[in-house]
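Topology and contacts: notes
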Amino acid sequence: LIAARFAALQQDWRKSGELASGLVKRLHEAGAVEDGRSSEWSYVRAAAERIVAEAALQLGDFGAAETAARAGLAAAADLPWSPTFSSQERAAMSRLLALALLGQGRDAEAREAISPALLIMRGLQQRNRQDAMVNVEIAKTLYVAALTDPARHDALLREATALMEAAPASIRGLLDVQ
């Protein structure tokens with residue numbers, strides 16, 4: 001998992017996707033996915049599926065991104081030990097799913113996919129105590145929502161931009177934020 005994330009940070013999307021896909025395959029072979037062994041396995045699977053979806057999006061394989069995002073959403077639903085983390089992970093997967101659907105020209109489905117993420121992130125926004133990374137995640141969600149909603153496009157983009165501009169420079173410079 002670490003090697004897959006490291007490859008993603010180096011923007012080696014093919015290697016990142018292959019490593020994470022291999023991990024998902026090994027989880028299936030071990031029966032860890034089908035029998036719902038533990039929340040730890042669900043965490044590993046959710047993280048791996050997220051990397052697969054991100055890599056597939058970067059490589060323009062929107063069908064594979066959709067499949068991985070849906071699998072990641074299912075795995076994230078099995079994370080009972082941290083409701084906040086689980087909801088943030090589901091929001092991230094919903095963003096990836098919406099982007100994959102947009103890439104396939106399925107705009108209405110993308111709008112439906114991002115809707116729960118927007119609700120989750122709005123709830124976090126109300127409880128946020130100036131956690132800049134939460135604001136970045138909210139901005140990412142608003143950006144994807146803007147892509148799916150022509151009527152609110154400009155307003156959502158303005159809100160996302162304001163959140164990003166308010167983030168410290170050290171956070172704006174992070175590779176996965178740019």
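Heads up: these notes are all about the structure in this document.

Each value, and the rule that gives it
Residues numbered from 1 in each chain as written. Predicted model: local features only at pLDDT ≥ 70, side-chain atom pairs only at ≥ 80, totals over all residues. Heavy atoms only, no water. Helix = DSSP H or I, 4+ residues; strand = E, 2+ residues; numbered from the N terminus. Contact = heavy atoms within 4.5 Å. Buried < 20%, exposed > 50% of the residue type's maximum accessible area, 1.4 Å probe, protein only. Salt bridge = Lys/Arg side-chain N within 4 Å of Asp/Glu carboxyl O. Core = buried A, V, L, I, M, F, W, Y, C linked by side-chain atoms within 4.5 Å. Expected span 1.5 Å × (residues − 1). Axes fitted to C-alpha atoms, helices over the stretch in contact; angles between N-to-C directions. Parallel < 35°, antiparallel > 145°, perpendicular 65-115°, else oblique. Left-handed = near helix turned anticlockwise from the far one by under 90°. Nonpolar A, V, L, I, M, F, W, Y, C, P; charged D, E, K, R; others polar.

1. Examining the environment of E89
Mapping E89 onto the fold places it in helix α5 (residues 83–103). For E89, the contacting residues outside a window of four places in its chain are A46, R50 and A76.

2. Things to note about unusual backbone geometry
Positive phi outside glycine occurs at Q11, with the angle close to 60 degrees. Relative to the elements of secondary structure, Q11 occurs in the loop between α1 (2–9) and α2 (13–29).

3. Let's talk about the side chain of E49
Checked against the element boundaries, E49 lands in helix α3 (residues 39–58). For E49, a relative accessible area of 7% translates into the label buried. With residues near it in sequence (within four places) discarded, E49 still touches V24, A68, A71, G72 and M93.

4. Some remarks on the pattern of salt bridges
All chains considered together, the criterion is met by 12 salt bridges. Residue R70 pairs with E66 through a salt bridge whose shortest N-O separation is 3.0 Å. On the criterion of helical spacing, the pair formed by R70 and E66 is a turn pair, its members being four residues apart in helix α4 (residues 62–76). Among the residues examined, E66 registers a relative accessible area of 11% and is labelled buried. R152 is paired through a salt bridge with D149; the nearest N and O atoms lie 2.7 Å apart. Of the residues examined, R152 reaches a relative accessible area of 40% and is grouped as partly exposed. Among the ionic contacts, a cluster of salt bridges with common partners joins R5, R50, E54 and E89.

5. Regarding the nonpolar core
Core analysis: the largest hydrophobic core is formed by 36 residues, its most contacted members being L96, A98, I114, M121, I138 and L142. If you list the elements that add at least two residues to this core, you get α3, α4, α5, α6 (107–127), α7 (132–148) and α8 (153–166).

6. Regarding α2
With 17 residues, α2 should reach 24 Å at 1.5 Å per residue; the first-to-last C-alpha distance of 24 Å fits that figure. Where α2 is concerned, the buried positions are W13, S16, G17, A20, G22, L23, V24 and L27. In the stretch just after α2, G31 is the one whose phi turns positive, near 80 degrees.

7. So, the packing of α6 against α7
Direction vectors running N to C along α6 and α7 enclose 150 degrees, while the axes themselves pass 9 Å from each other. One element, α6, and the other, α7, form an angle in the roughly antiparallel class. Between α6 and α7 the crossing geometry is left-handed. Every residue of α7 that contacts α6 at A110, R111, I114, A117, L118, M121, R122, L124 and Q125 is listed here: V134, E137, I138, T141, L142, V144, A145 and T148. Of the residues in the contact of α6 with α7, the class split is 11 nonpolar, three polar and three charged.

8. Some details on the packing of α1 against α2
Two quantities define a packed helix pair, namely the angle between the axes and the distance from one axis to the other. Where α1 contacts α2, the two axes come as close as 8 Å, and the packing angle between them is 165 degrees. Judged on the interaxial angle alone, α2 and α1 are roughly antiparallel. In this structure, α1 crosses over α2, and the sense of that crossing is left-handed. Residue-level contacts link A3, A4, A7 and A8 of α1 to W13, K15, S16, L19 and A20 of α2. Split by residue class, the contact of α1 with α2 holds seven nonpolar, one polar and one charged.

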